[in-house]
Amino acid sequence: MSNTTSKFFSPLQKTINEALQGTAYVQNENSEKKTTKHAFIETYGCQMNFSDTEIIASILSDLGYGFTQQEQEADLVLINTCSIRENAEQKVWNRLKHLKYLKKQKPSLMVGIVGCMAERLRYKLLDEEQLVDLVVGPDAYRSLPTLLQEVESGQRAVNVLLSREETYADIAPLRYHSNGVSAFISIMRGCNNMCSFCVVPFTRGRERSRDWQSIVKEAKELVELGYREVTLLGQNVDSYYYEGCTFADLLEKVALVDSRLRVRFSTSHPKDITDRVLEVMAGYENICKFIHLPVQSGSTRILELMNRGYTREWYLDKIERIRYYLPNCGLSTDIIAGFCSETEEEHQQTLSLMEIVRFDSAFMFCYSERPGTLAARKFRDDVPETVKKRRLSEIIDLQNQHSRESNFRDIGKVFTVLVEGDSKRSSADYCGRNDQNKMVVFPKQGTSFKSGDYVKVKITAASSATLLGQLQS
Ligand code: SAH
Ligand code: SF4
Ligand code: F3S
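Conventions used here
- Residues numbered from 1 in each chain as written.
- Chains lettered and ligands numbered in written order.
- Predicted model: local features only at pLDDT ≥ 70, side-chain atom pairs only at ≥ 80, totals over all residues.
- Heavy atoms only, no water.
- Helix = DSSP H or I, 4+ residues; strand = E, 2+ residues; numbered from the N terminus.
- Rg over C-alpha atoms; globule rule 2.2 N^0.38 Å.
- Buried < 20%, exposed > 50% of the residue type's maximum accessible area, 1.4 Å probe, protein only.
- Domains from an automatic or database assignment.
- Contact = heavy atoms within 4.5 Å.
- Buried area = accessible area lost by both parts, 1.4 Å probe.
- Nonpolar A, V, L, I, M, F, W, Y, C, P; charged D, E, K, R; others polar.
- Salt bridge = Lys/Arg side-chain N within 4 Å of Asp/Glu carboxyl O.
- Expected span 1.5 Å × (residues − 1).
- Arc of directions from axis to C-beta.
- Pairing = 2+ DSSP bridges.
- Axes fitted to C-alpha atoms, helices over the stretch in contact; angles between N-to-C directions.
- Phe/Tyr/Trp six-rings, centres within 6.5 Å; stacked < 30°, edge-to-face > 60°.
- Lys NZ or Arg CZ within 6 Å of the ring centre and 35° of its normal.
- Near = heavy atom within 4 Å.
- Polar contact = N/O pair within 3.5 Å; in protein donor to acceptor, adjacent residues only side chain to side chain.
- Core = buried A, V, L, I, M, F, W, Y, C linked by side-chain atoms within 4.5 Å.

*Asks:* Would you mind showing me how to read the overall build of the protein chain here?
*Replies:* From N to C terminus, the protein chain includes 15 helices and 23 strands. Against the compact-globule benchmark of 23 Å for 473 residues, the protein chain has a radius of gyration of 23 Å, which places it among compact chains. Dimensions of the protein chain, computed from the C-alpha atoms along their principal axes, are close to 60 × 60 × 45 Å. Sorting the 473 residues of the protein chain into buried and exposed places 58% on the buried side.

See below:
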């Protein structure tokens, strides 16, 4: 394949803007290649998947692909898929139906499914929907050039091999989703926890950590390119370990890259997050005081069935540790409603845990059984759909109340905000995030700040989703 290994974070690191302008030319350090083919990539699922799309885009760009945001213009359509809940997969099946129509109009169109659903369903994708030409799992993106050649020669191509080593450490991501200010850095892949509800260990394989040297190097390059925020990504960042370097050590190394670079990370696991991580967070101003700590349930019995490795009390103790080290730390969580055999009382325990912690925000879901997982094999998915939905809406209502209260408590406070650009609603306003990951919108008032500038904003009003404020001189 082409020179992905030799172009380790070249000074001409590609951005999507370059590549999109590159519908005429794609630049790399060797040449100005004429782009003849165009890819359209659509991404579903978690940040990890979005980060993988940037690896895929980099590989395609080396093959001479430009990128288009109009699927009608594409020679190759790739869908980077998620299997976490049934409705995530359903969305992709619906997209495939639509693409069938597109392919009828343009028979040369190549359609590929990549990511977690590719890994889980494999040949089923080729068999059931005649229009899929290419199926590639999350650890097999390096083989895209060969697989695409096979497809171009009229065959259908599959690679869903999982790896124990692949971290794509040497491939400079093409920042496909980036606003030029924040970027993802993938620090590990896979997951060794066997949470009984979860499909991720099956779709992404064994956990492996990327070498810390290439992570620090990537962060340095990003600063030079004008980025001011990185998010270190892994399914369980607290179990990062590379030749003696723990996650706390890595966090410190990345924080030391440049004091102007904000550092975030996701996802922490309640059973693994250490006091040392909290100490490092407290020690560096540029490490954002925000932790996403998925609880899943407030009931110890359910947590045990979920195989999460902690109890309600352990979780609440972790929250106390966080508040001790980081009194103003923002907290968010994930909650599953209606897991197998969950009683009304156990659901109430989730609500009561939420009342105790008062998360600033949360992602909340109905339990969705995933074939092959421990829960699907061992337990009955016996909470009726109507009950799951009712419990979920109680959880959402309570969280909305807490999010609103959390935002209202910020009125009168002054935050440092990293400007991301114009607000979605009006070009008279800027938007950006504060340390605690809250979106702040404020009028420009004749100023001309750029994306990537830090400003002080005093909060004057709030909704459950956004803080509104005024620039402080
Ligand atoms: N690695 C992260 C989470 C990855 S999946 C962690 O361990 O926390 C993101 C979230 O999706 C999970 O936290 C969980 O709340 C939810 N989820 C995972 N599997 C699910 C399922 N089968 N049904 C409903 N929600 C699920
Ligand atoms: Fe899934 Fe659990 Fe791994 Fe998270 S830690 S990805 S929920 S198995
Ligand atoms: Fe979905 Fe795979 Fe992420 S299942 S949540 S895209 S790891």
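*Asks:* Which parts of the structure should I look at to understand the domain arrangement of the protein chain?
*Replies:* Where interface size is quoted, it is often the accessible area lost as the parts come together. Structurally, the protein chain comprises domain 1 (13–159), domain 2 (182–408) and domain 3 (414–471). Facing 20 residues of domain 2, the contacting portion of domain 3 comprises 17 residues. When domain 2 packs against domain 3, the two sides together hide about 1400 Å² of surface, and 46% of this comes from carbon and sulfur. Looking at the side of domain 2 that touches domain 3, the elements with two or more residues in it are β15 (262–266) and α15 (385–409). At six residues, α15 tops the list of elements feeding residues into the side of domain 2 that touches domain 3. In terms of residue class, the side of domain 2 that touches domain 3 is made up of six nonpolar, six polar and eight charged.

*Asks:* Just checking my understanding: could you explain the pattern of salt bridges for this structure?
*Replies:* Side chains that carry opposite charge are capable of pairing whenever their charged atoms lie near each other. In the structure shown here, the tally under the stated rule is 37 salt bridges. Residue Arg189 pairs with Asp52 through a salt bridge whose shortest N-O separation is 2.8 Å. Placement of Arg189 in strand β10 (residues 188–189) and of Asp52 in helix α2 (residues 47–62) is noted, with a sequence separation of 137 residues between them. Considered together, Arg189 and Asp52 belong to a single accessibility category, that of buried residues. Between Lys450 and Asp453 there is a salt bridge whose closest N-O contact spans 3.7 Å. Several salt bridges converge on common partners, so that one network encompasses Asp52, Asp139, Arg189, Arg204 and Arg208.

*Asks:* What is the right way to look at helix α13 (residues 344–357) in this model?
*Replies:* One full turn of an α-helix is made of 3.6 residues, so residues set three or four places apart face in the same direction. Between its first and last C-alpha, α13 extends 20 Å over 14 residues, near the 20 Å set by a 1.5 Å rise per residue. Inspection of α13 places Glu346, His347, Thr350, Leu351, Leu353, Met354 and Val357 among the buried residues, and these make up the whole buried set. For α13, the buried positions fall inside an angular range of 155° around the axis, keeping them on one side. In this structure, α13 carries Glu345 and Ile356 as exposed residues pointing more than 90 degrees from its buried face. The inward-facing, buried residues of α13 contact α11 (300–305), α12 (312–325), β17 (330–337) and α15.

*Asks:* Please explain the sheet that holds strand β12 (residues 229–233) as it appears in this structure.
*Replies:* Pairing between the strands of a sheet comes from backbone hydrogen bonds, and it takes one of two forms, parallel or antiparallel. In space, the three strands of this open sheet follow the order β9-β12-β15, with parallel pairing throughout. Two strands lie at the open edges of the sheet, namely β9 (182–186) and β15, each paired on one side alone. Across this sheet, the average inter-strand angle for adjacent strands is 25°, counted without regard to direction. The pairing of β9 with β12 spans five bridges and is parallel. Bridge pairing links Ser182 to Glu229 in β12. Contacts from helix α8 (residues 212–224) reach β9 and β12 within the one sheet, and its direction differs from that of β9 by about 170°.

*Asks:* It is not clear to me how the packing of aromatic side chains should be interpreted in this structure. Could you clarify?
*Replies:* According to the stated counting rule, one finds eleven aromatic pairs in the structure shown. Pairing Tyr141 with Tyr168 gives two aromatic rings, centres 6.0 Å apart and planes at 20°, and the pair type is stacked. Here Tyr141, found in the loop between β7 (134–136) and α6 (144–152), pairs with Tyr168, found in the loop between β8 (157–159) and β9; they are 27 residues apart in sequence, far enough to count as distant. Between Phe339 and Phe379, the ring centres sit 6.3 Å apart and the planes meet at 80°, which makes this aromatic pair edge-to-face. Here Phe379 lies in the loop between α14 (374–378) and α15 and Phe339 lies in the loop between β17 and α13, a separation of 40 residues in the sequence. For Phe339, a relative accessible area of 0% gives the class buried. Of the aromatic side chains, those joined through ring pairs into one cluster are Phe197, Phe339, Tyr367 and Phe379. Taking the ring centre of Phe365 as reference, the NZ or CZ of Arg85 above it sits at 3.6 Å.

*Asks:* Is there a simple way to explain the site of ligand 1 in this structure?
*Replies:* In the neighbourhood of ligand 1, 15 residues make up the surrounding shell, with Gln235, Pro294, Gln296, Asp334 and Ser368 lying closest. In the environment of ligand 1, a nitrogen atom lies 3.1 Å from a nitrogen or oxygen atom belonging to the backbone of Phe197. Residue Gln296 places a side-chain N or O atom 2.7 Å away from an oxygen atom belonging to ligand 1. If you list the elements that add at least two residues to the shell around ligand 1, you get β17 and β18 (361–366). Residue composition of the shell around ligand 1, by class: seven nonpolar, four polar and four charged.

*Asks:* Would you explain the nonpolar core in this entry?
*Replies:* For soluble globular proteins, the rule of thumb is that nonpolar side chains tend to be buried together. Counting residues in hydrophobic clusters, the biggest one holds 69 residues, and the most contacted among them are Ile187, Leu232, Phe247, Leu251 and Ile291. Not counting residues within four places of it along the chain, the set of residues in contact with Leu251 comprises Leu232, Val263, Phe265, Val277, Val280, Met281 and Ile287. Counting 26 residues, the second largest nonpolar core, distinct from the first, contains Ala57, Leu134, Leu148 and Val151.

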